[in-house]
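# What the coordinates show
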Amino acid sequence: MDRLFYVGVSAALFAAFAFSLNFVVPFIIGDYSTFDFALIRHVVSALVGLYILFSEKGVMRHLTFRNCLQAIWLAFVGYVGYFLTVTGAALFAGPVIAPAFLGLVPIVLMVIGNQRQASLPWRSLMVPLALVLVGLGLVNGTAFTAEGLDSESLWIGVPLALAAVGLWVWFALSNQAALAARPDMPSGVWSALILVGGGVLMLAFYPIGAAMDLFRLPTLGFGWSAAGKLYVWGTTLALLATVGGVWAWNIASRSLPVALAAQLIVSETAFGVIGGLVVHARWPTPIAVAGVVVLIAGVVLSVRIFYDRQFASGKTVLANE
C-alpha cells in the first residue's frame, strides 16, 4: 500500500507540472493564436488516444455509447474549456497572475473532497491549509505588483482565470466519480477516451472558429517553414502536458483521497509562477520566493499528515471509495 501511495503522489505532482505548462503557451507560439495551438495539440493527443485504444486488448467492451458520451463531456469541461480559459487568462492577465488565481483550485477541491469522503478530521488539515493560503497570498500579491497590466486586461484575464478554476474543480470531481463508477476500466483506456473526445471537439469547432477569424493558420500558412514552431510546440505539449497530464491525474485519482490530491495540485501554482518568470527572463522577488516555499511546505506537510494518519496505519481511503 505504501507503493500505491507514493505512485499516487508522484502522479499528482507530475500532473501539476504538466498542467502548469498551459500558462506559457501564449508566449512560445509566435504569431499564431492559442486556437491554432489548441487545434494541433488536441489532434495530436487524439491520435495518441486512438493508438492506445486500438492497442489495448478487450477495449471494445469499454467503448459503450454512455462511456464515449461521458468522456466527450469531460473533455469539453476540463480539457478544451480549461485550456482555453487558462491560456486566455495568461494572455490578458499575464503568466504570473493566472497561476496565482488557479491556486484556488486545491482549496476548493480539498474542502469539497474532505467533506464528501471525511478523509481526515478538519483539525488535521488546518495547518497545511493555512500554509497554502499564506503562500497563495504572497504569490498573488507579488503577481499584481510585478505585472504592469492595465485595468482593462485584468477585467478580462481575472474572470477567465476564475472560470478556469470552476472548470477544473468540476472536471476533477466529475472525473473522479466517473472512474469510481468504472472500476473495471483501465486508467489508460479512460484517459484515451478523453483525449479522443478533446480532438473531436476541436475539429468540430474549427469551421466555426475559422469563420470567426480565431485561427491564424489559414492566413499564416500550414507549411513547415511558417508553422514549424507551432507544430513542434503543439506536439511536445500534447505528449507531455495533455497525454501525460491526463494519464497521471487519473492514476492519482484512483490512488489518493481527493483532499490529498487537491493539496498536491497546488504545486501547479508554483510550477506556473516559475515558468512565468522564465518566460519573462527575470529573477523572482523575495516575496515570490517566500510564497513558493510556503506553498511547497503546505504540500509536504499534507503528504506527511495523510501518510501518518491513514496509509501508515492501514486505514486507506482511496479516491474511488
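Residues numbered from 1 in each chain as written. Predicted model: local features only at pLDDT ≥ 70, side-chain atom pairs only at ≥ 80, totals over all residues. Heavy atoms only, no water.

## Quick look at the side chain of S45
Considering the arrangement of structural elements, one finds S45 in helix α2 (residues 34–55). For S45, a relative accessible area of 0% gives the class buried. Those residues in contact with S45 that sit more than four places away from it in its chain are Y79, L195, A238, T242 and V243. (Helix = DSSP H or I, 4+ residues; strand = E, 2+ residues; numbered from the N terminus. Buried < 20%, exposed > 50% of the residue type's maximum accessible area, 1.4 Å probe, protein only. Contact = heavy atoms within 4.5 Å.)

## Topic: empty space enclosed by the protein
Using the criterion set out here, one finds four cavities of 30 Å³ or more in the structure. Taken as a whole, the largest cavity spans an internal volume of roughly 130 Å³. Surrounding the largest cavity, 13 residues form its lining, F19, G78, Y79, Y82 and V246 being those nearest its centre. Only α2, α3 (65–93), α7 (151–180) and α10 (224–255) provide two or more residues apiece to the lining of the largest cavity. (1 Å grid on protein atoms, 1.4 Å probe; cavity = no way out; pocket = protein on both sides within 12 Å on 5 of 7 lines; lining within 4 Å. Points joined across faces, edges and corners; volume = space filled by probe spheres on them.)

## Comments concerning the packing of aromatic side chains
For the structure shown, the criterion picks out nine aromatic pairs. For the pair F35 and F215, a centre-to-centre distance of 6.0 Å together with 65° between the ring planes defines the contact as edge-to-face. Here the residue F35 occupies a position in helix α2, and F215 occupies one in the loop between α8 (187–211) and α9 (217–220), the gap between them amounting to 180 residues. Judged by relative accessible area, F215 falls into the buried class, the value being 2%. Between W73 and F76, the aromatic rings sit 5.7 Å apart at their centres with planes inclined by 25°, giving stacked as the arrangement. Taken together, the residues span about one helical turn, with W73 and F76 both in helix α3 at a distance of three residues. (Phe/Tyr/Trp six-rings, centres within 6.5 Å; stacked < 30°, edge-to-face > 60°.)

## A closer look at the nonpolar core
By size, the foremost hydrophobic cluster in this structure holds 46 residues, and its most contacted members are W168, W190 and I194. Looking at this core, the element that brings in the most residues is α7, giving ten residues. Listed in part, the 22 residues of the second largest apolar core include Y32, A38, M202 and L237. (Core = buried A, V, L, I, M, F, W, Y, C linked by side-chain atoms within 4.5 Å.)

## What to know about the pattern of salt bridges
Inspection of every chain in the model, using the stated rule, returns one salt bridge. Notably, a salt bridge pairs R61 with D184, separated by 3.6 Å at the nearest N-O pair. With R61 in the loop between α2 and α3 and D184 in the loop between α7 and α8, the pair connects residues that are 123 residues apart, well separated along the chain. Among the residues examined, R61 registers a relative accessible area of 56% and is labelled exposed. (Salt bridge = Lys/Arg side-chain N within 4 Å of Asp/Glu carboxyl O.)

## Some thoughts on the environment of A192
With respect to the helices and strands, the residue A192 is situated in helix α8. Of the residues examined, A192 reaches a relative accessible area of 0% and is grouped as buried. In the structure, A192 is positioned 139 residues away from L53 in sequence and 6.5 Å away in space, judged by C-alpha atoms. What A192 contacts, discounting residues up to four positions off in sequence, is G49, I52 and L53.

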